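For reference, the chains in residue letters:
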Amino acid sequence: MGANAFVFEVFLLFWVFLFLGFQVSQCSVTYDRKAIVINGQRRILFSGSIHYPRSTPEMWEDLIMKAKDGGLDVIDTYVFWNVHEPSPGNFNFEGRYDLVRFLKTVQKAGLYAHLRIGPYVCAEWNFGGFPVWLKYVPGISFRTDNEPFKRAMQGFTEKIVDLMKSNYLFESQGGPIILSQIENEYGKQRELLGQAGYNYMTWAANMAVGLQTGVPWVMCKEQDAPDPVINTCNGFYCDAFSPNRPYKPTMWTEAWSGWFTEFGGPIYQRPVQELAFAVARFVQKGGSFVNYYMYHGGTNFGRTAGGPFVTTSYDYDAPLDEYGLIRQPKFGHLKELHKAIKLCEQALVSSDPSVQSLGLLQQAHVFYPETGGCAAFLANYDANSAARLLFNNVHYTLPPWSISILPDCRNVVFNTAKVGVQTSNMEMLPSNNADISSWKSYNEDVSGLENDSVMTTLGLLEQINMTRDTTDYLWYKTSVDISPSESFFHGGELPSLIVQSRGHAVHAFVNGQLIGSAYGTREMRRFTFKEKVNLNAGMNKISLLSIAVGLPNIGGHFESWNAGILGPVVLQGLDQGNQDLSWQKWSYQIGMKGESMNLASPNGISSVEWMDSAVAVQKQQPLMWHKAYFNAPEGDDPLAFDMSSMGKGQVWVNGESIGRYWTAYAQGQCNGCNYAGTFRPPKCQDGCGAPTQRWYHVPRSWLKPMNNLLIVFEELGGDPTKISLVKRSMSTACAAVSEYHPTLKNWHIESYGRTEELHRPKVHLHCAGNQYIASIKFASFGTPMGTCGTFQQGPCHAPASYSVLEKKCIGKQRCEVTVSNSNFGQDPCPNVLKRLSVEAVCAHATYPTEHTDSGD
């Protein structure tokens with residue numbers, strides 16, 4: 001090699017390393033009082049929570065790409081300690097728990113990530129995310145200044161941080177993670193614990209910062225978070241929140257998009273108009289980071305649901321439903337909100353708002369950046385009345401409880417209460433060629449329980465100490481000798497069995513027969529079972545099946561809370577008075593026989609003799625295992641089991657646990673819902689009188705083309721032959737758009753002095769990708785009334801409404817129609833504000849169709 005060539009290569013390498021060093025130095029995340037600063041730029045960031053264990057790896061890319069399409073910049077997830085370290089020192093990062101794969105999928109999509117390590121997560125997740133073995137570490141006390149807990153917590157936190165670093169996943173390494181969270185919603189707990197709580201919180205913050213991830217750490221709902229940790233807000237509203245230091249940004253780490261459900265309760269829904277109002281209200285006050293909790297809620301597969309009594313569905317009324325399908329109008333309206341706010345981004349991150357009063361309950365927040373221009377948020381806080389405002393010598397009309405966004409202080413491009421996107425109605429339809437057949441059953445023999453006891457002792461034992469949460473079930477068994485002289489043998493009143501339980505449910509058997517069941521609630525886990533009992537003369541066997549329905553995930557030192565039957569257990573009404581059975585000899589059996597024989601697994605079903613299910617159904621016997629086979633249906637529609645014919649239990653497919661099912665009927669007040677006014681979950685309830693959860697998500701990736709094994713363990717009775725596999729599909733699509741609906745395309749027109757005509761709003765309709773618009777169920781341009789599903793013609797109606805929509809939409813997967821008089825022949829009612837309301841029926845495509853129609 002010549003000297004000149006050598007010098008040239010050295011020179012080239014120098015510049016390569018300089019360039020790479022420059023690139024690495026540009027991967028930086030800091031913050032100031034206005035915003036998170038990424039690579040030197042302040043950013044308004046929209047984020048969404050998607051929990052990787054609540055979906056399957058095969059779903060992740062689709063969920064994340066839909067989130068990106070919805071205008072998100074960041075994907076947020078907790079890290080779930082109990083799934084990653086099921087026993088001390090044994091780690092699991094496979095399948096649904098492959099955190100690295102999930103984050104790399106986020107990175108592939110071009111999005112950032114917020115990693116909420118916790119490791120306490122709450123999240124309606126079993127035991128708040130803590131592994132149950134942690135409870136049995138000697139001397140431990142959770143979430144306080146306790147050395148055993150801090151040692152374990154630090155060990156897991158370091159494990160996760162090291163895993164992220166080794167895969168170059170922090171933004172400082174060129175990865176997607178721009179934020180991390182330590183602890184979770186600790187403020188109230190710290191206040192209760194006093195100095196010990198403060199010491200622990202400070203230790204946790206300093207420990208996290210010391211891990212040197214190169215990205216900021218946050219603590220949510222912790223007002224005393226020490227520097228440099230950012231304290232953040234969680235809640236339905238955060239516009240009144242301020243960080244604890246003037247140099248920290250205002251961040252909303254959980255904007256609750258809905259609410260979780262519990263068995264026996266209604267479905268809670270948060271109207272998108274109200275959610276958009278809350279977000280716009282936060283941003284106009286200086287907020288620069290919003291995370292929707294949840295953006296996709298998903299499914300509590302297996303026994304991961306916490307609570308107790310939290311349903312297997314964790315749908316949360318999120319913009320992406322449990323199955324990963326887009327929920328309209330929530331998804332689309334928020335997408336438009338994000339676009340509108342991003343048009344104001346430079347003004348928002350470079351100036352503080354000037355607040356102007358426009359009325360008793362009306363305000364303008366106006367931003368004047370130094371670079372010029374102007375952006376404004378006009379707010380009407382009146383929940384009952386629309387408001388006509390004068391701003392910059394122009395009149396604006398705002399619906400009740402709404403905010404209009406003006407990126408140029410002139411043109412309204414978005415109003416939180418005016419929904420222009422379609423409403424998609426979803427339904428569960430029968431799946432073709434997916435008959436569930438060849439049902440066989442196996443009965444747990446209650447009468448033979450004494451042969452399977454693991455231990456016998458005096459008195460009643462706490463359930464979780466016995467099971468270590470390896471199963472929901474624990475048998476409590478004892479015997480009682482009844483004299484033949486008792487009055488109830490001779491016409492007297494039957495005695496009662498009274499059982500006091502700390503939770504969560506109990507099935508009581510006497511001499512092998514089920515005499516009744518009782519349940520607690522999420523708010524009141526303790527309950528009392530009381531039932532008349534027909535005893536035999538002589539020895540009687542009492543068998544109590546205590547059932548956990550998810551371990552608590554929230555509350556002070558919930559690791560110390562008890563579950564199971566701790567008494568007293570009493571026979572009331574005997575001739576000699578009450579007989580307390582609490583301190584006599586009790587035998588215990590952990591779990592069901594079928595669990596110990598692994599009947600839920602394809603490899604375990606041959607360990608017992610199965611009988612024809614018709615016999616079991618006729619007898620309605622409790623504690624039955626059922627099995628059947630089915631083929632996977634064609635197509636890619638999400639699938640679910642309809643379990644409405646069953647009582648309570650668990651269900652598996654090909655050895656994978658779908659989760660707990662329970663046909664508990666929802667009690668609540670389902671009286672409709674008005675978006676206007678302060679939101680709380682009881683305000684908007686749905687599903688009263690129906691099972692809280694009827695359908696249970698079956699991921700397609702868990703299925704084989706043929707001979708899929710379905711296993712059901714039923715606690716009470718039910719008819720398994722009526723279980724069906726259904727698919728989730730869009731049935732109808734509705735839209736209602738007025739002539740002067742705000743549109744993003746108009747924002748710059750008057751700002752730049754142009755005289756071009758305003759862009760007319762359009763109705764956009766679309767069915768799912770494998771569907772087409774089969775018919776127009778309703779169409780009216782004029783003054784139609786009602787909402788989706790209840791549309792009616794008003795006094796003003798363009799006769800051509802149906803024909804115009806049919807011509808433009810039928811046979812197509814999507815279409816758009818301009819809302820204008822010229823499109824419908826003539827003005828059906830001059831000088832009246834008109835709108836176009838449409839309901840289209842979607843059907844599955846059986847022949848090639850045109851993809852779209854775009855026109856006037």
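Quick note: structure is the one above.
What you are looking at is a predicted structure, and each value in this text was computed from that prediction instead of being measured.

**Focus on the pairing of strand S35 (residues 648-653)**
And then number 1: Among the six residues that make up S35, six are buried, leaving the element largely enclosed by the rest of the structure.
And then number 2: Burial along S35 is two-sided: Lys648, Gln650 and Trp652 facing one way and Gly649, Val651 and Val653 facing the other are all buried.
And then number 3: Joining the antiparallel neighbours S35 and strand S36 (residues 656-662) is a turn of two residues, in which asparagine 654 adopts a positive phi near 50°.
And then number 4: Where S35 lies against strand S39 (residues 708-714), five bridges are found, and the strand directions are antiparallel.

**Re the nonpolar core**
Note on soluble globular proteins: their nonpolar side chains tend to be buried together.
And then number 1: Ranked by internal contacts, the top residues of the largest apolar core, which has 139 residues, are Met164, Val279, Tyr292, Leu337 and Ile341.
And then number 2: The next biggest cluster of nonpolar side chains, apart from the first, holds 47 residues, and it includes Trp475, Ile605, Leu623 and Val712.

**Considering the pattern of salt bridges**
Any two side chains of opposite charge can pair if their charged atoms end up close together.
And then number 1: Overall, the coordinates contain 34 salt bridges when judged by the stated rule.
And then number 2: Close ionic contact of aspartate 76 with arginine 116 constitutes a salt bridge, the shortest N to O distance being 3.8 Å. In this pair, aspartate 76 sits in strand S5 (residues 74-78) while arginine 116 sits in strand S6 (residues 112-118), placing the two residues 40 residues apart along the sequence. There is no split in this pair, since aspartate 76 and arginine 116 are both buried.
And then number 3: Arginine 303 serves as the salt-bridge partner of aspartate 472, at 2.8 Å between the closest nitrogen and oxygen. Within this pair, whereas aspartate 472 is found in the loop between helix H11 (463-467) and strand S23 (473-482), its partner arginine 303 is found in the loop between strand S12 (289-296) and helix H9 (330-343), the two being separated by 169 residues in sequence.
And then number 4: Note on aspartate 472: relative accessible area 2%, which makes it buried.
And then number 5: Because the salt bridges share partners, they merge into one network encompassing Arg43, Asp73, Lys342 and Glu345.

**Regarding the sheet that holds strand S1 (residues 29-31)**
And then number 1: One open sheet holds the three strands; their spatial order is S1-S2-S3, and the pairing between them is antiparallel. Of all strands in the sheet, those with a lone pairing partner are S1 and strand S3 (41-43), marking the two edges. Between one strand axis and the next, the sheet turns through 40° on average, direction left out of account.

**Remarks on the state of the cysteines**
And then number 1: Inspection of the entire model under this criterion finds eight disulfides.
And then number 2: Disulfide pairing places cysteine 374 opposite cysteine 409 at an S-S distance of 1.7 Å. With the S-S dihedral at roughly -70°, the linkage between cysteine 374 and cysteine 409 falls on the left-handed side. Residue cysteine 374 is located in the loop between strand S14 (362-367) and strand S15 (375-380), and its partner cysteine 409 is located in the loop between strand S18 (402-406) and strand S19 (414-415); the two are separated by 35 residues in the primary sequence. One exposure class covers both cysteine 374 and cysteine 409, and it is buried.

**Concerning the sheet that holds strand S29 (residues 569-574)**
And then number 1: Judged by pairing direction, the sheet is antiparallel, and its four strands sit side by side in the order S27-S24-S29-S30 without closing on themselves. Bordering the open sheet on either side are strand S27 (527-532) and strand S30 (577-580), each of which pairs with just one other strand. Here the strands of the sheet are splayed against their neighbours by 20° on average, with no regard to which way each runs.
And then number 2: When S29 meets S30, the two strands line up antiparallel, connected through three bridges. Bridge pairing links leucine 574 to glycine 577 in S30.

Definitions and limits used
Residues numbered from 1 in each chain as written. Predicted model: local features only at pLDDT ≥ 70, side-chain atom pairs only at ≥ 80, totals over all residues. Heavy atoms only, no water. Buried < 20%, exposed > 50% of the residue type's maximum accessible area, 1.4 Å probe, protein only. Helix = DSSP H or I, 4+ residues; strand = E, 2+ residues; numbered from the N terminus. Pairing = 2+ DSSP bridges. Core = buried A, V, L, I, M, F, W, Y, C linked by side-chain atoms within 4.5 Å. Salt bridge = Lys/Arg side-chain N within 4 Å of Asp/Glu carboxyl O. Axes fitted to C-alpha atoms, helices over the stretch in contact; angles between N-to-C directions. Disulfide = S-S within 2.5 Å.

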